[in-house]
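So the chains spell out like this:
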Amino acid sequence: MRSSAHLLFLLLLFSLSIISSVSSWKRDEFRTCNQTPFCKRARSRKPGSSPLVATNVAISDGDLIAKLTNPNQEDPVNPLVLTLSAYHDGVLRLQIDEDPSLDPPKKRFQVPDVIVPEFLNNKLWLQKLSEEVIGRDLGPSSVVYLSDGYEAVLRHDPFEVYVREKGGGKRVVSFNSHGLFDFEQLRVKKEGEDWEERFRSHTDKRPYGPQSISFDVSFHEADFVYGIPERATSLALKPTKGPGVEESEPYRLFNLDVFEYIHDSPFGLYGSVPLMISHGKARGTSGFFWFNAAEMQIDVLGSGWDAEDSIGLPSDQNRIDTMWMSEAGVVDAFFFVGPGPKDVVRQYTSVTGTQALPQFFATAYHQCRWNYRDEEDVAQVDSKFDEHDIPYDVLWLDIEHTEGKKYFTWDRVLFPNPEEMQKKLDAKGRHMVTIVDPHIKRDESFHLHKEATEKGYYVKDASGKDYDGWCWPGSSSYPDMLNPEIRSWWADKFSYANYVGSTPSLYIWNDMNEPSVFNGPEVTMPRDALHYGGVEHREVHNAYGYYFHMATADGLIKRGNGKDRPFVLSRAVFPGSQRHGAVWTGDNTAEWEHLKVSVPMVLTLGLTGVAFSGADVGGFFGNPEPELLVRWYQLGAYYPFFRGHAHHDTKRREPWLFGERNTELMREAIHIRYMLLPYFYTLFREANTSGVPVMRPLWMEFPADEATFSNDEAFMVGSSLLVQGIFTERAKHASVYLPSGQSWYYLSSGTAYKGGTTHKMEVLEDSVPTFQRAGTIIPRKDRFRRSSTQMANDPYTLVCVIALNSTQEAEGELYTDDGKSFEFAQGAYIHRRFVFSDGKLTSSNMASYTSGKSQFSSGCSIERIVLLGYSGGPKSAFIEPANHKADIELGPLFLRKGRSPTVLTIRKPNVRIGEDWTIRVM
């Protein structure tokens, strides 16, 4: 008994130390570049140190191929194989790997199941290359066609790859222009070599030794660079190395579980998307993407970093140089030529896929907490939303709903009737989300663990045994999601038969999927753990959560026999995550600084393809003051993913707990989101078809307006709405820059403001400054229900903001479908274009219907048309082809708002949204 008690005591101490280690930011738990050998080696390299030249250049199977050799090497290294491929829409792919014919110790890992098949089918088969002597080079370079306006250049000696404008024009993006390329090849360990790496108490055996890759990338005619999430810092990436730059870490891309992360830091968080986008007034936008799942570190090099560099680059171009470093993998890089911001996003998502179209309910408000205690708590929270006239669509349950942190189970004391609980929510059009994390409790009585063990489905440690790490359940193992067979097995666990207590209105939340391991090095899985096919964890780490997200989404699709769209929220992020659901920015804090940094964090995710993202409203940690919470709801109502969430140690913070006035303000913020749901859903469809994000930086819509390039306190929702956050306590005024080229209507007053200038706005208690761009039309639904599901048959309002010029024009779109199935992919949707011109508002069809495809119809009509900025004094409107009149009168811009401006309104035109019609203002 003494030994058992002693063991329990030690276990308790260990558990407490684990909880402490993840409960707050502790910088020394995570490696710096100097503590990371591959990063330290790469950062110390000097320009021009790469000795490689390109030889044996030829066209083969539609690609340009070459060998990279070192002619001056005393100790010869095997040549590398280079492949350049061109794809539709101006995408260049560069691949560099070891030569498999030379029998390397193992095959280097190339990430599977991310690049969409459609992209591979759009390869352009190169037919020929031309040779050209570049500058003062002694030998020729090879030039190949990329698109009508661009061509790719392989410079032989010294080795360099770049994209330029056709006909010898200006460079766009270049690779190895500064000669920093280095590729550590796999080799057999020599006697006496020590390849092990140690950090704190952990040892990485590194059985294949150093295998890192590093190179420089230059963006030409660029003013700023953006991208490479995930981190809590500014939208425009700051220099991390160079003259005048304080000692700084590179931007790190290594998926980590970071509790209470700090803002304004280059430190990497839960996700890694190695896409960098440059933008400048002179040329436009370009991008570079390194498709690699190993740890990556990226330096943005400050001006003058290469002052002693003898390599000459064109001096007439404004250029931003960057340094990319990774522990393992291959070079699989993509160049995107743009030239516009939306072009680059479209080109990138043509490779990794566009945002999955969510179910309509998922675009509404979500209420979450760690944890709603039991079924009675769930029922009370649900009823309180109704009592206070606050709509919501989804109620979430965190880890405490399970039996002993065993996922796919329910605590039968606290949640004895889960199906009945979900059906009560479903009766109001509401849904539930439960958490399912990747760590499986090592409990012999747990059927999931027993089955995974018997089938050999767990990730292995370096010795080949099932890896055993610590997470919420204690001793845990992790399914090897790299293996397609295991992903299919996991997907089957979401069937109603396997997930007992689940119903069709239940959806899933994937947390801790970096993967988080409390007792692992840097709170993650050891790098020498082994996956399917002998792949080391160091090679696949950043993609683990992606595969887990994929398998979970596939499970929900299977559960519904392929008919219903899944909803899965993931914390870990990787290229392609957008195809499987939503993500959020993790464990933020109830501070004004975290409210402010949420904007560039969500914007950056959107730029890199992840259009469905948001931050926890109110902050996960800490107790927000009422003013902060209200301001967060007012801003969060415009996030693509809108969820309130809090840690179990915080005070309860449902919207009705802060006094009547604050409840009123939060209610109004949530109502605004529900009013705008048709607009948001239309934008999600745009993201699904083009990759363009829902929430956009100002410069995406105004690429020539230099004042927008570094602005990350305001943002666009689609092309029509500009939102300015309030980020300070007791603010009285806010400076709002309105982009040039048009007027803007302040929606709180209906007043027009001039673009191209900064306005000092009085800060109102009941909203954040929000403007609608002149010349746009936004669809709304102004009748408020308990949930978005109950709004399905409600009529629409169109808000037409007329351009303040001689044209008096405006235009907009509306997309709608059944809100839940995949039938839209077969043509079952309504997509309308609205144009106001010459005093007429016209609705025309934007959908391309094909014979034999599915159809969707709607009985919804338009009950109000608001005309902001119309200069005439119309009395009535004539509707064709119905040939009847409708009244025009002054009415409120917002039906529910206390002090709403009055505007010209066409009342009850009663035209169907799915039909062609014209309304003439008389």
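Residues numbered from 1 in each chain as written. Predicted model: local features only at pLDDT ≥ 70, side-chain atom pairs only at ≥ 80, totals over all residues. Heavy atoms only, no water.

As annotated in an unreviewed UniProt entry, the protein chain carries the name Probable glucan 1,3-alpha-glucosidase and comes from Rhododendron griersonianum. Comment text from UniProt for the protein chain, heading Pathway (unreviewed entry), reads "Glycan metabolism; N-glycan metabolism." A UniProt comment under Sequence similarities (unreviewed entry) is attached to the protein chain, and it reads "Belongs to the glycosyl hydrolase 31 family." (UniProt positions renumbered as here; feature names shortened; annotations may be inferred.)

Q: What is the right way to read helix H12 (residues 626-636) from this model?
A: Where burial is concerned, most of H12 is hidden: nine out of the eleven residues are buried. Turning to H12, its buried residues are Leu628, Leu629, Val630, Arg631, Trp632, Tyr633, Gln634, Leu635 and Gly636. (Buried < 20%, exposed > 50% of the residue type's maximum accessible area, 1.4 Å probe, protein only. Helix = DSSP H or I, 4+ residues; strand = E, 2+ residues; numbered from the N terminus.)

Q: Explanation requested: the UniProt feature "domain: Glycoside hydrolase family 31 N-terminal" (unreviewed entry) in the protein chain in the structure shown.
A: Using the residue numbers shown here, the UniProt feature "domain: Glycoside hydrolase family 31 N-terminal" (unreviewed entry) corresponds to residues 82-299. Secondary structure over residues 82-299 splits into 2% helix and 38% strand, and the C-alpha atoms at its two ends are 24 Å apart.

Q: Help me understand the sheet that holds strand E41 (residues 770-773) in this model?
A: Either a parallel or an antiparallel arrangement is found when strands of a sheet pair, and the pairing is made through backbone hydrogen bonds. Across the sheet, which stays open at both edges, the six strands sit in the order E34-E35-E36-E41-E38-E39 with antiparallel pairing between neighbours. One side of each edge strand has no neighbouring strand; the edge strands of this open sheet are strand E34 (695-696) and strand E39 (751-754). Sheet topology places strand E35 (residues 714-717) next to strand E36 (residues 721-724); four bridges connect them, and they run antiparallel. Its bridge partner lying in E36, Val717 is registered against Leu721. Across the sheet, helix H14 (residues 677-690) is in contact with E34, E35 and E36; its angle to E35 comes to roughly 85°. (Pairing = 2+ DSSP bridges. Contact = heavy atoms within 4.5 Å. Axes fitted to C-alpha atoms, helices over the stretch in contact; angles between N-to-C directions.)

Q: Would you mind going over the pattern of salt bridges with me for this structure?
A: Note that side chains of opposite charge can pair when their charged atoms are close. According to the stated counting rule, one finds 76 salt bridges in the structure shown. A salt bridge links Lys406 to Glu403, with the shortest nitrogen-to-oxygen separation between them at 3.5 Å. Residue classification places Lys406 among the buried residues on the basis of a relative accessible area of 8%. A residue is classified by how much of its surface remains accessible, and Glu403, at 41% relative accessible area, is partly exposed. With its nearest N and O atoms 2.8 Å apart, the salt bridge here joins Arg643 to Asp616. Of this pair, Arg643 sits in strand E33 (residues 642-644) while Asp616 sits in strand E32 (residues 616-617), and the two are 27 residues apart along the sequence. The pair formed by Arg643 and Asp616 is uniform in burial state, with each residue classed as buried. Via salt bridges that share partners, Arg31, Glu197, Asp204, Arg206, Arg252, Glu295, Glu327, Glu522, Arg527, Glu536 and Arg538 belong to a single interconnected network. (Salt bridge = Lys/Arg side-chain N within 4 Å of Asp/Glu carboxyl O.)

Q: How should I be thinking about the UniProt feature "domain: Glycoside hydrolase family 31 TIM barrel" (unreviewed entry) in the protein chain in this particular structure?
A: Following the UniProt record, one finds the feature "domain: Glycoside hydrolase family 31 TIM barrel" (unreviewed entry) at residues 356-683. Across residues 356-683, helical content stands at 34% and strand content at 12%; the span's end C-alpha atoms are separated by 12 Å.

Q: Help me understand the state of the cysteines in this model?
A: Each disulfide consists of one covalent bond between the sulfur atoms belonging to two cysteines. For the structure shown, the criterion picks out one disulfide. Disulfide pairing is shown between Cys33 and Cys39; the S-S distance is 2.1 Å. Residues Cys33 and Cys39 are joined through a disulfide that is left-handed, its torsion about the S-S bond being -100°. Comparing Cys33 with Cys39 shows no difference in burial state: the two are buried. Free of any disulfide, Cys860 has its nearest neighbouring cysteine sulfur in Cys800, separated by 18 Å. (Disulfide = S-S within 2.5 Å.)

Q: How should the environment of Leu92 be read in this particular structure?
A: Positionally, Leu92 belongs in strand E4 (residues 91-98). Leu92 sits in the buried class, given a relative accessible area of 1%. Sequence separation between Leu92 and Asp480 is 388 residues, and the spatial gap between their C-alpha atoms is 32 Å. Here Leu92 is in contact with Leu84, Ser85, Leu146, Ala152, Val161, Val163, Ala333, Phe334 and Phe335, once residues within four sequence places are set aside.

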